Amino acid sequence: IKQCGVGTLNGGNRAIVIYEADKMTPQAQNCLLKTLEDPPERTFFLLVSDHPETLLPTIISRCRTTRLHPWDDVTVLTALKENGISAERARASTEQAGGSIGRALRLAGDEGYWKRRDEVISMFFVSEERSGIAQISGEWKDRRGDCGEMLDVLENQVRDMLLVRLGVKKPETLQGLPERWRRFAAEAGEARFAALEGAVIQARKQLAASVNLQAILEQLLFTFIGEGLKWRG
């Protein structure tokens with residue numbers, strides 16, 4: 001969570017920006033609540049979040065929501081190439097950045113991210129064994145800090161499959177996935193995509209509420225692996 005404050009030298013308005021506000025613990029959000037209810041004079045708080053649905057309802061009720069539209073892929077790709085990013089990495093980073101140029105630039109230079117992404121794809125889309133779920137969740141029990149990124153990867157992958165289903169993206173986008181998931185992308189109904197997206201949203205809320213990490217992962221893995229098994233040839 002990053003915070004910065006900006007004010008004028010002549011004593012004008014002051015803006016306090018809290019980035020990644022959804023990553024605040026419920027306790028931290030409750031501490032902020034009183035300040036939002038009665039802010040200092042001429043002070044404005046800006047809470048920036050990719051997932052505002054995970055904020056406490058009491059926080060949301062005291063804010064005015066403004067949705068910022070993501071950049072289109074062409075604009076993001078152009079920005080990456082202008083910064084010397086290779087065409088292949090620029091394309092991959094754009095697909096994962098959700099329309100954010102800043103996030104795309106960070107991902108393009110983070111080799112560790114791509115290794116962790118491959119790990120998540122293997123866990124949720126390549127694995128076919130429900131019997132291995134407990135082992136995977138045990139291996140992740142001390143990696144709570146990586147879980148937000150893991151959920152971002154899942155959300156992006158579900159989105160890409162949906163865009164293929166709608167004809168917005170080409171099937172070649174999913175070449176790294178097993179055949180059963182490519183079949184899912186080609187044939188699944190809207191409700192199946194909604195179920196996967198809902199599972200990720202629920203996991204994000206539980207993560208913010210400090211629910212047992214292994215329990216979150218086991219339910220999420222059971223949902224994804226189970227869905228994939230339905231589409232085996």
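In what follows, the accompanying structure is described. From a predicted model like this one, the values you see are computed outputs, not experimental measurements. (Residues numbered from 1 in each chain as written. Predicted model: local features only at pLDDT ≥ 70, side-chain atom pairs only at ≥ 80, totals over all residues. Heavy atoms only, no water.)

**Brief notes about the environment of M150**
So, point 1. Note on placement: M150 falls in helix α8 (residues 144-165).
So, point 2. Overall, M150 belongs to the buried group, its relative accessible area being 2%.
So, point 3. Here the alpha-carbon distance between M150 and V200, two residues 50 residues apart in the chain, equals 9.8 Å. (Helix = DSSP H or I, 4+ residues; strand = E, 2+ residues; numbered from the N terminus. Buried < 20%, exposed > 50% of the residue type's maximum accessible area, 1.4 Å probe, protein only.)

**Description of helix α1 (residues 26-37)**
So, point 1. The terminal C-alpha atoms of α1 lie 17 Å apart, and with 12 residues this matches the ideal 16 Å at 1.5 Å per residue to within 8%.
So, point 2. Those residues of α1 lying buried are P26, Q29, L32, L33 and L36. In an axial view of α1, the angular spread of the buried residues amounts to 130 degrees, which keeps them on one side of the axis. Those residues of α1 that are exposed and angled more than 90 degrees off the buried face are Q27, C31 and K34. (Expected span 1.5 Å × (residues − 1). Arc of directions from axis to C-beta.)

**Describing the packing of helix α9 (residues 179-187) against helix α10 (residues 190-208)**
So, point 1. Relative to each other, α9 and α10 sit at 120 degrees, their axes nearing to 9 Å. In terms of orientation, α9 lies oblique with respect to α10. Where α9 approaches α10, its residues W181, F184 and A185 are matched on the opposing element by R192, F193 and L196.
So, point 2. Looking at the contact of α9 with α10, its residues break down into 5 nonpolar, no polar and 1 charged. (Axes fitted to C-alpha atoms, helices over the stretch in contact; angles between N-to-C directions. Parallel < 35°, antiparallel > 145°, perpendicular 65-115°, else oblique. Contact = heavy atoms within 4.5 Å. Nonpolar A, V, L, I, M, F, W, Y, C, P; charged D, E, K, R; others polar.)

**Brief notes about the nonpolar core**
So, point 1. Counting 41 residues, the largest nonpolar core has F124, F125, M150, L154, M161, L220 and F224 as its most contacted members.
So, point 2. Mapped by element, the contributors of at least two residues to this core are α6 (111-126), α7 (133-139), α8, α9, α10 and α11 (213-229).
So, point 3. Excluding its chain neighbours within four sequence positions, the residues that come into contact with L154 are V120, F124, F125, V200, L220 and F224.
So, point 4. Formed by 8 residues, the second largest nonpolar core is a distinct cluster that contains A21, M24, L32 and I59. (Core = buried A, V, L, I, M, F, W, Y, C linked by side-chain atoms within 4.5 Å.)

**Points about the layout of surface pockets**
So, point 1. Size it by volume and the second largest pocket reaches roughly 360 Å³.
So, point 2. Of all the secondary-structure elements, those providing two or more residues to the lining of the second largest pocket are α4 (87-97), α6 and α8.
So, point 3. Along the lines of polarity and charge, the residues of the lining of the second largest pocket split into 5 nonpolar, 6 polar and 8 charged. (1 Å grid on protein atoms, 1.4 Å probe; cavity = no way out; pocket = protein on both sides within 12 Å on 5 of 7 lines; lining within 4 Å. Points joined across faces, edges and corners; volume = space filled by probe spheres on them.)

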